[in-house]
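These are the residues of each chain, in order.
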Amino acid sequence: MKNQIRQIFHSPKFTVGFIIFAALLVLTVFYPLIVTNDPLEMVGQGNFFKPGTYISVSEAVNTNPYTLNLNASSSRLEQNLSMEERMAMADWLNQFAGLSSKEMDVTDAGELVSLWKDHYDSASEQKGLIAARKKYFSRLDKKITGLLEDRDVLLAEKNQETGEVSVKKTIPSTSYVNVKDVGSRRVFILGTDNFGRDVLTELVAAIKTSLKIGFIAGLIATTIGLSLGLIAGYLGGVIDDFILFITNLFTVIPSFILLILISYSIGKNARGVMMVAIIIGLTSWTWTTRSVRSQVISLRNRDHVNLSKLSGHSLFRIILTDILPYIASYVVMALILQISSGILAEAQLSMIGLGPATTTVSTLGLMMNWAMSYSAHLNGDWWAYFPVIISIALISFSLNLMNTGLDQIFNPQLRE
């Protein structure tokens, strides 16, 4: 046993896959201990706040300021000029100012704006532009002018008795506050989703739930497939024909279509996390049955099995002690693949709205469904769906890498 474990961890593919998968498991265990917030807490009153550190504006205003002689206009330009606006500016400069693309760098907002201010004139003829496009460039020029100006901010207060408004405080453009001095702040490493929930906290909880679904579905599918495969392969005859007929019947119908039909027929109210895991497990056992059956057929007439038959050992004992140990490695590999398939199946179901119908937990599939429903992919809100895609890819990649590593160790034909 020790030799086999040592041999397994000497496989580079298995080791890499195991490290990635273990890292994800550790993340799901320890992150909730550090961040104790509810994963589905709606902290943002809006959709898809971008990643960053958020501080209280009211507290920042009343925090001790520091005067810094910094050029704030360049950073304002970088943050407030979208790539679409920069491309439009570059097109105008190329068409009406005669500047070549080599002279313009749209990634450098400061340089582009400098060229724009030198050449743009709203009163110029601009042949070929429709009126709406001319107005667009005029508005863009006004926006740029506003971003370049350093204006003091006036805080006014209304007198409740007289109704008069008086200036309470003036904040110069050179005033800055230290973020550490502001008490109310929150860091959203991956921003918030369409419901205003912390994506990172939600993602960790979703990975945990999806792994749970994968494990349950994988165990159910492997148990059914292993049991039927052992019985069919060892007994043969009519029982083998019957089990093979049922297996072929389920194989003919695409498992995902069957999964959709069962999930839909159960109804939204009964479709929880456990139910979805069970449904996936009950519809994905066929290939395990066929594979185990083939392995058992090659083992049932071996000398040690025949010796157990002559010794009068029971069917259960022969299968358990003389056949199962010889296919144990194959069963483990089948379980790993079933777990991976279960996680992917849940993601597919949730994407089409047939996944777990719950508001108390999140899954990777549900996060993708929510992001797509609110058009995160069209609005450029990558943090709502891209980390989910990476998580699904990492889980599948690590499990398949572990399976490949085991296959190279236990399959004589693949040994180097």
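Residues numbered from 1 in each chain as written. Predicted model: local features only at pLDDT ≥ 70, side-chain atom pairs only at ≥ 80, totals over all residues. Heavy atoms only, no water.

**Quick word on the environment of Leu 68**
The condition that has to hold: Counting from the N terminus, the helices are the DSSP runs of H or I reaching at least four residues and the strands are the DSSP runs of E reaching at least two. Two residues qualify as a contact provided that any one of their heavy atoms is within 4.5 Å of a heavy atom in the partner residue.
Looking at the element boundaries, Leu 68 is found in the loop between β2 (66–67) and α4 (72–80). For the pair formed by Leu 68 and Val 177, sequence separation is 109 residues and the distance between their alpha carbons is 9.8 Å. Among residues more than four places away in sequence, those in contact with Leu 68 are Thr 174 and Tyr 176.

**Side note on the nonpolar core**
The cut-off we apply is this: Within this scheme, the nonpolar core is defined by two criteria: the residues are buried Ala, Val, Leu, Ile, Met, Phe, Trp, Tyr or Cys, and they are joined through side-chain atoms within 4.5 Å. Burial status follows relative accessibility: with a 1.4 Å probe on protein chains alone, a residue under 20% of its type maximum counts as buried, one over 50% as exposed, and anything between as partly exposed.
Formed by 36 residues in total, the largest nonpolar core has its most connected members in Leu 203, Ile 207, Leu 364, Met 367, Val 388, Ile 395 and Leu 399. Only α2 (12–34), α8 (199–235), α15 (328–351), α16 (364–373) and α18 (386–410) provide two or more residues apiece to this core. Residues in contact with Leu 203, not counting those within four places in the same chain, are Leu 190, Leu 364, Met 367, Pro 387, Val 388 and Ser 391. Listed in part, the 22 residues of the second largest apolar core include Met 89, Leu 112, Leu 140 and Ile 144.

**Considerations on the pattern of salt bridges**
Note the cut-off: In what follows, salt bridge is the name for a side-chain nitrogen of Lys or Arg lying within 4 Å of a carboxyl oxygen of Asp or Glu.
With the rule as written, the count across this model stands at six salt bridges. Asp 240 is paired through a salt bridge with Arg 293; the nearest N and O atoms lie 2.7 Å apart. Taken together, the positions of Asp 240 in helix α9 (residues 237–252) and Arg 293 in helix α12 (residues 286–299) put the pair 53 residues apart, joining distant regions of the chain. Judged on exposure class, the residue Asp 240 and its partner Arg 293 are both buried.

**Regarding the UniProt feature "domain: ABC transmembrane type-1" (unreviewed entry) in the protein**
For the record, the criterion: UniProt positions are given in the numbering used here, feature names are shortened, and annotations may be inferred rather than shown by experiment.
Residues given the UniProt feature "domain: ABC transmembrane type-1" (unreviewed entry) here are residues 207–403. Helix makes up 78% of residues 207–403 and strand makes up 0%, while its end C-alpha atoms are separated by 20 Å.

**Considerations on the confidence of the model for the protein**
Our working rule: The predictor reports its confidence for every residue as pLDDT, a score running from 0 up to 100.
Looking at the protein as a whole, its pLDDT mean stands at 86, while 98% of the residues score no less than 70. Looking across the protein, the model is least confident in helix α1 (residues 2–9), with a mean pLDDT of 73, and most confident in α8, with 93.

**Thoughts on α16**
Because each turn of an α-helix spans 3.6 residues, side chains separated by three or four positions end up pointing in the same direction. For α16, the tally of buried residues reaches eight of ten residues, placing the bulk of the element in the interior. Looking only at α16, the buried set comprises Leu 364, Gly 365, Leu 366, Met 367, Met 368, Asn 369, Trp 370 and Ala 371. The first or second residue beyond α16 is Ser 375, which carries a positive phi of 60°.

**Observations concerning the environment of Leu 25**
By the element assignment, Leu 25 lies in helix α2. Placed 179 residues apart in sequence, Leu 25 and Val 204 show a C-alpha to C-alpha distance of 9.6 Å.

**Regarding the domain arrangement of the protein**
Note the cut-off: Just so you know, the domain bounds were taken from an automatic or database domain assignment.
When the domains of the protein are assigned, the result is domain 1 (1–44 + 193–414), domain 2 (54–69 + 152–187) and domain 3 (72–148). A separation of 54 Å is found between the C-alpha centroids of domain 1 and domain 2.

**With respect to unusual backbone geometry**
Unlike most non-glycine residues, Phe 48 shows phi in positive territory, near 55°. Mapped onto the elements, Phe 48 comes out in the loop between α2 and β1 (52–55). Look at Phe 48 and you get buried, because its relative accessible area is 9%. Residues other than glycine seldom take positive phi values, yet Ser 375 does so here, at roughly 60°. Along the polypeptide, Ser 375 turns up in the loop between α16 and α17 (376–379).

**Overview of the packing of α2 against α8**
What counts here: An axis is simply a line fitted to the C-alpha atoms; with a helix, the fit covers only the stretch in contact. Between two such axes, the angle follows the N-to-C directions and lies from 0 to 180 degrees. Here the word oblique covers every angle except those under 35 degrees (roughly parallel), over 145 (roughly antiparallel) and from 65 to 115 (roughly perpendicular). Crossing handedness is read from the near helix: turned anticlockwise from the far helix by less than a right angle, it gives a left-handed crossing, and turned clockwise, a right-handed one. Gly is placed with the polar residues, together with every amino acid not listed as nonpolar (Ala, Val, Leu, Ile, Met, Phe, Trp, Tyr, Cys and Pro) or charged (Asp, Glu, Lys and Arg).
Their axes nearest at 10 Å, the elements α2 and α8 cross at an angle of 120°. Judged by the inter-axis angle, α2 sits oblique to α8. Of the two possible hands of crossing, α2 and α8 adopt the one that is left-handed. Facing Phe 21, Leu 24, Leu 25, Leu 27, Thr 28, Tyr 31 and Pro 32 of α2, the residues of α8 in contact are Leu 200, Thr 201, Val 204, Ile 207, Lys 208, Leu 211 and Phe 215. Across the contact of α2 with α8, the residue classes break down as eleven nonpolar, two polar and one charged.

**A short note on the packing of aromatic side chains**
Stated precisely, the cut-off is as follows: Aromatic rings from Phe, Tyr and Trp, with only the six-membered ring used for Trp, were paired whenever their centres fell within 6.5 Å, and each pair was classed as stacked if the ring planes differed by under 30 degrees, edge-to-face if by over 60, and tilted otherwise.
With the rule as written, the count across this model stands at 14 aromatic pairs. Each ring, one from Tyr 54 and one from Phe 188, has its centre 5.5 Å from the other, and the planes form 65°; the classification is edge-to-face. Note that Tyr 54 is positioned in strand β1 and Phe 188 in strand β6 (residues 185–188), a separation of 134 residues in sequence. Residue classification places Phe 188 among the buried positions, given a relative accessible area of 6%. Here the aromatic rings of Tyr 136 and Phe 137 are separated by 5.5 Å at their centres, their planes lie at 70°, and the arrangement is edge-to-face.

**Considerations on a nonpolar patch on the surface**
Rules: For patches, a residue must show more than 30% relative accessible area and have no salt bridge; joins then use 9 Å for like charges and 5 Å for nonpolar side chains, namely Val, Leu, Ile, Met, Phe, Trp and Tyr. Note that accessible areas follow from Shrake-Rupley with a 1.4 Å probe, and for residues the cover is restricted to the protein chains shown.
A cluster of nonpolar side chains, contributed by Val 26, Val 29, Phe 30, Leu 33 and Ile 34, occupies part of the molecular surface with about 540 Å² of accessible area. Structurally, the position occupied by Val 26 is in helix α2.

**Observations concerning the side chain of Thr 247**
Going by this rule: Residues adjacent in sequence count toward polar contacts only when both atoms are side-chain atoms; beyond that, a polar contact is any pair of N or O atoms within 3.5 Å, and within protein one must be able to donate a hydrogen and the other to accept it.
Mapped onto the secondary structure, Thr 247 falls in helix α9. On the accessibility criterion, Thr 247 (1% relative accessible area) is buried. A polar atom in the side chain of Thr 247 sits 2.7 Å from the backbone oxygen of Ile 243.

**With respect to helix α14 (residues 315–323)**
The following threshold applies: Directions from the helix axis toward the C-beta atoms define the arc.
Buried within α14 we find Ile 318, Ile 319, Asp 322 and Ile 323. Axial view of α14: buried residues confined to an arc of 110°, hence all on one face. The elements touched by buried residues of α14 are α8, α12 and α13 (303–310).

**As for the packing of α15 against α18**
Contact geometry of α15 with α18 gives a least axis separation of 10 Å together with a crossing angle of 165°. Judged on the interaxial angle alone, α18 and α15 are roughly antiparallel. The way α15 lies across α18 gives a crossing that is left-handed. Within the contact between the two elements, α15 uses Ser 329, Val 332, Met 333, Ile 336, Leu 337, Ile 339, Ser 340, Ile 343, Leu 344 and Ala 347 and α18 uses Ile 392, Ile 395, Ser 396, Leu 399, Asn 400, Met 402, Asn 403, Leu 406, Asp 407 and Phe 410.

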